Every structure is written in structure tokens, then in C-alpha cells.
Amino acid sequence: MKRKMISLVLGVCMMVTMMVGCSQKPEQLENEEKNTTENVGDAGEEDGASQEAPEGASSEEASSDEGGKKYEGITLSFMSNIAGVQSEAMEEVIAQFEAETGAVVEYSSPGASYEELMKTKMAANQLPDLFTTHGWSIARYGQYLEPLNGQEWASRLSESAKQVVVEASSGNFYCLPVDVDVAGIIYNKTVLDAAGVNVDELKTWDAFAESLGKIKEAGYTPIHIGGKDNWTIGQFFDWVAPSYLITDEANNHRDALKDGSFDWSNWKGLAQMMADWKAEGYFNTDCLTADYNAQIKAMAEDKVAFEFLGNSAVTEMQSVNPDVDLGLMSVPSSSDTDEPTLIGGERIAIGVWKDSANKEAALELLGYFAQDENMKNVATADGAPASFEGVESDTGIIKDDLAKYMSQCRIFPYFDREYLPNGMWDDMCITGASILAEDSGAVDNACSAMEESYKAKLEVQ
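Every chain is numbered on its own, with residues counted from 1 as its sequence reads. Where totals are concerned, whole chains, interfaces and linings use all residues; where local detail is concerned, this predicted model gives features only for residues with pLDDT of at least 70, and gives and counts side-chain atom pairs only at 80 or more. Working from all heavy atoms in the structure, the side-chain values ignore hydrogens and water.

Regarding its fold elements, the protein chain presents 19 helices and 12 strands. Buried means the residue's accessible area, taken with a 1.4 Å probe over protein chains only, is under 20% of the maximum for its type, while exposed means over 50%, and partly exposed covers the values in between. Residue burial in the protein chain is summarised as follows: out of 461 residues, 46% are buried. When contacts within the protein chain are restricted to residue pairs at least 6 apart in sequence, those whose partners lie at least 24 apart make up 76%. Only the protein chains shown count as cover for residues, and the accessible areas themselves come from Shrake-Rupley with a 1.4 Å probe. Total accessible area computed for the protein chain in this model is approximately 22300 Å², and 48% of it derives from carbon and sulfur atoms. Runs of E in the DSSP output that reach at least two residues are strands. Runs of H or I that reach at least four are helices, and both are numbered from the N terminus. Note on contacts: a residue pair is in contact if any heavy atoms of the two residues lie within 4.5 Å.

Quick look at the structure:
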């Protein structure tokens, strides 16, 4: 009896189901079949992945709903020597990464203490997950950094970028150069026009010095140095030294500087040039007490003709005075047998510590800086050419000058990075400050101090 009741119930259910099916309109059945087919197709296109998030929901939100974002709970440390508007552009990329992955990035830009902090961290082998290499991705930091040849974006490096960051002996490179630092001497067109100076005629330092006299007579400061930030003094030598010691193919000291046999009496020519210019009043009178910001302000206000600074300074000058008319010229040669040149190297370049506990996340953040739009924005803030083929940054008012001189001139690396032992940057800054202070015997003392430091540091390098 019990079995008969079950059979009866099942039979009634089947009849009801058939009646409901027959009562549906043909187009309703067609739509249901169509929807089923589309859903199966979508799943197939995603290779078995979950269906697309509802319209208006991001993939990150969908991921979060399913159990959190990719790097939620992970904290990355990121130290940088970059400041100002360039640092702000970098922080925008970092914020994008944090929002999309859930990671937290502790970003710091300690300013003048950056290099010393990094030396301390290297000694303890406790480096940040990511850090900027400020020209030293190979010589100083190479042993601490993850080689990046295998990254998806590696093949997009421009030839100029490869010349800067690829290690000749191994073919490896250890940083993402967001942009390429190609520099000359920044000049104020308004000031030079008033003084009747044409930069295309300034092929040698002798011709350049003659122009400084004209500029002074016209009532302007020929050259401004913010010596309170003494790296601006070292920068002068980084720009000038190659023309005296490196760039002349017929007479240079490249090999001697690298093998330890360099005769430091050859330093006297450029040290004496600084001393002569100081005696002639070609530098700002407060060259030892003014700081970098004063340099920016003075050029922006059309008070100064020339400054030995990187192209990023142009952007900062424009932030003070959007109407300032600036240009870029090549670096003069020290003799008639040589040609003007440009200075090149790393600018905003980022590496990943090879022993990072969060290397995967750090490399992904690096990949965010390699995205076309992000690279373009950061390089534009820096006023420098982007390092990838196909990515064009806005180099602003010096764009034509860059194109002109890059097509005409050889590019040589920053002098201290290529030809001096690690740590000699400070020696250039200190001895240069003594020359600007017009200390007795400052030029000869600079030569002997540089030689002593060179030999001592070469032994421990």
C-alpha cells in the first residue's frame, strides 16, 4: 500500500511538470536555452574561471568578495632618493598598486641622508624591498639586487637605456630605469638674449667663459650654485670633469682612472677653472650659503644665466614661474680638438632587493612602474625621456633641445659613477667648497686631497 502511494505521488508530480512545460510560450523556452548556452560559453572563454563580475564591479572587488585582494596583509618597504613633483608622481603609482592589490607600501624619501642610510642597510644586509639606485645599480647595488632580464617588460628598454643600466660583463641589469637621464647645461633664454649670447657659439670652455663676462656686464648672475646643499658643487665637477679627462679621443685618462695610475695633477685644470670663475665674480655671491631651492627660484625669476643641474630642475623652475623661458645646451669641450658632449646616466631607477621576503609583490609593484601610462607620467614629471621604446614622455620646453643635441653629441656617463671609487662624491663636494670659499692653496689642496682619497678608496673597493 505504501509503495502504491509513492508511485501515485510521483505520477502526479510528472503530470504537473509536463503541464507547466506545455503552458510556456515557445519564445520563453528559446530564451532559456539561449541564456544557458551563453553562460556555458562565457565559462569556456574564462578557461573554467568564475563568471564576470556584475557590470560596474571591478575585478579587484570581485576578487575581494571571494576572499581578499592578492597581496592583502603584505607590507612592502620602498626607499627613494627622489623628491618634489617627481616623488609625488611615484606615489600616485604606488597608491594605484595598493588599491588594486591590497598591499601596503611604506614609502620614504629621506633626502640628503638617503645614501648614508643605504650604506648602513647594505652593511647589515637589511635593505628595503624596493629602492632607487641613483646611478649605482651595477657598481654599488648590483650584488644586492634581483636581475630583471626575465621580466615581461625587459625587451622594451630603449638603446639609450640599455647603455646606462646593462652590465657589460654579464648582460644583466638590476633596475627599471623609468626614464633616462640625458643632461647638459640649463640656461635662461631671456637672460642670454639680453646679454647677446648665442649658446651655439659656446663650443669650448674658453668661449663659455667669455660669455660669462658679457652676462655679468649685462647685470645678471652668470652661474648659480646652491652650495649649502653641497651636492650642487659636486655636480659642477661631474659636468666639467669628462671634458678635461674623458671625452677627447686623442687625449684622455679613461684607463688610468680605472686602473689606479691616474696622475692627479691633471685635476688642476678644472679646479683652476672654478677658482678663476669665482675670482671673476661669475658665481652668485652667496654660492656657499644659498641652497638648491634658491637655485631654482633665481633661474625661474630670470636672474641667472646658467645652472649645472639635471633636467628635472626645469620642471621645478616652471612650478615657480610657468612663463620662464629655458633651454638646454651641450657641455663645452676643454680644447679645440674635442667636441661638446652630453652627460647621461640613471635618473629614476628602481630595483628589488634579491633577498626580499615579499619579492613577488615587489616585482609586481615594479611592473606597475613599467606600465606605459605610469612610466609616461613619472618621466614627464621628471622632464626626461621615458626608457621604453614606444613610450613618449613630455620633456616640456627643452624637448627640441634634447632632440637636437642627442642627435649631434656623444653621451658620456656621470664622471663619479664611472671613473671614481665609491665614496669620492663627497671629496668633490668638499674640495669644491674650499675653492669657492677662496681658501689659500685650495686648488693644489684639491688635487692632493682627491689623490689621497682616490688611492685609499681604490684599495678597499
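Our focus in this paragraph is the nonpolar core. Nonpolar cores are built from buried Ala, Val, Leu, Ile, Met, Phe, Trp, Tyr and Cys residues. Side-chain atoms within 4.5 Å join them into one set. Core analysis: the biggest nonpolar cluster contains 124 residues, and F208, W267, W277 and F306 have the highest contact counts within it. In terms of nonpolar packing, the next biggest core, distinct from the first, is built from 12 residues, M79, Y141, Y144 and L145 among them.

The next thing to look at is helix α4 (residues 84-101). Residue count minus one, scaled by 1.5 Å, sets the expected span of a helix. If you check α4, its first and last C-alpha atoms are 26 Å apart, about what 18 residues at 1.5 Å a residue would give, namely 26 Å. For α4, the complete set of buried residues consists of Q86, S87, A89, M90, V93, I94, F97 and T101. Along the long axis of α4, the arc covered by the buried residues comes to 160°, so they all point the same way. Looking at the residues trailing α4, positive phi occurs at G102, about 85°. Summarising the geometry, the arc corresponds to the directions from the helix axis toward the C-beta atoms.

So, on to the environment of V352. In this structure, V352 sits in strand β11 (residues 349-352). In the structure, V352 is positioned 225 residues away from L127 in sequence and 9.4 Å away in space, judged by C-alpha atoms. Leave out the neighbours within four places in its chain, and V352 touches D129, L130, Y144, L145, E146, K359, A362, L363 and L366.

Further remarks concern the environment of A275. For A275, the location among the structural elements is in helix α11 (residues 268-279). On the basis of relative accessibility, which here comes to 18%, the residue A275 falls in the buried class. With 157 residues separating them in the primary sequence, A275 and G432 have C-alpha atoms 9.0 Å apart. Excluding its chain neighbours within four sequence positions, the residues that come into contact with A275 are I435 and V443.

This part covers the pattern of salt bridges. When a carboxyl oxygen of Asp or Glu lies within 4 Å of a side-chain nitrogen of Lys or Arg, that pair is called a salt bridge. Taken as a whole and assessed by the stated rule, the structure comprises 20 salt bridges. Salt-bridge contacts for K359 lead to E146; the nearest nitrogen and oxygen are separated by 3.0 Å. Here K359, found in helix α14 (residues 359-369), pairs with E146, found in the loop between β3 (130-132) and α6 (159-165); they are 213 residues apart in sequence, far enough to count as distant. Where salt bridges share partners, they join E249, R254, D338 and R410 into one cluster.

Let us look at the environment of A349. Within the secondary structure, A349 sits in strand β11. Here A349 falls in the buried class, since its relative accessible area comes to 0%. The spatial distance from the C-alpha of A349 to the C-alpha of V180 is 8.7 Å, given a sequence separation of 169 residues. Contacts of A349, omitting those with residues within four sequence positions, involve F131, T132, T133, C175, L176 and P177.

What follows concerns the sheet that holds β11. Hydrogen bonds along the backbone pair up the strands of a sheet, which may run parallel or antiparallel. Note on pairing: DSSP must find at least two bridges between two strands before they are called paired. Taking strand neighbours across the sheet as the criterion, the 5 strands line up as β2-β1-β3-β11-β4 in an open arrangement whose pairing is mixed. Only two strands of the sheet have a single neighbouring strand rather than two, namely β2 (104-108) and β4 (176-177). Here β4 runs beside β11; their pairing, made up of 2 bridges, is antiparallel. Each bridged residue has a counterpart across the sheet, and for L176 the counterpart in β11 is I350. Every axis corresponds to a line fitted to the C-alpha atoms, with the helix fit spanning only the stretch in contact, and the corresponding angles, defined between N-to-C directions, vary from 0 to 180 degrees. On the sheet, α14 packs against β1 (75-79), β2, β3, β4 and β11 and is oriented at approximately 160° with respect to β11.

Here the focus is the packing of helix α12 (residues 292-300) against helix α13 (residues 312-320). Running from N to C, α12 and α13 point in directions that differ by 65°, and their axes come no closer than 8 Å. Pair α12 / α13 crosses with right-handed handedness. Mapping the contact onto sequence places Y292, I296, M299 and A300 in α12 and A313, E316, M317 and V320 in α13. Its residues placed into classes, the contact of α12 with α13 shows 7 nonpolar, no polar and 1 charged. When the near helix sits turned anticlockwise from the far one by under a right angle, the crossing is termed left-handed; a clockwise turn instead gives a right-handed crossing. Residues are sorted three ways: Asp, Glu, Lys and Arg are charged, Ala, Val, Leu, Ile, Met, Phe, Trp, Tyr, Cys and Pro are nonpolar, and all the rest, Gly among them, are polar.

What follows is about the sheet that holds strand β12 (residues 410-413). On the basis of which strands lie adjacent, the open sheet formed by 3 strands has the order β5-β10-β12 and mixed pairing. With one partner strand each, in any of the chains shown, β5 (180-183) and β12 form the two edges of the open sheet. For this sheet the average axis-to-axis angle between neighbouring strands, irrespective of direction, equals 35°. Bridging between strand β10 (residues 341-346) and β12 involves 4 bridges; their strand directions are parallel. Across the sheet, the residue bridging to L342 is I411, located in β12.

Bear in mind that shape data such as this cannot, by itself, settle questions of function.
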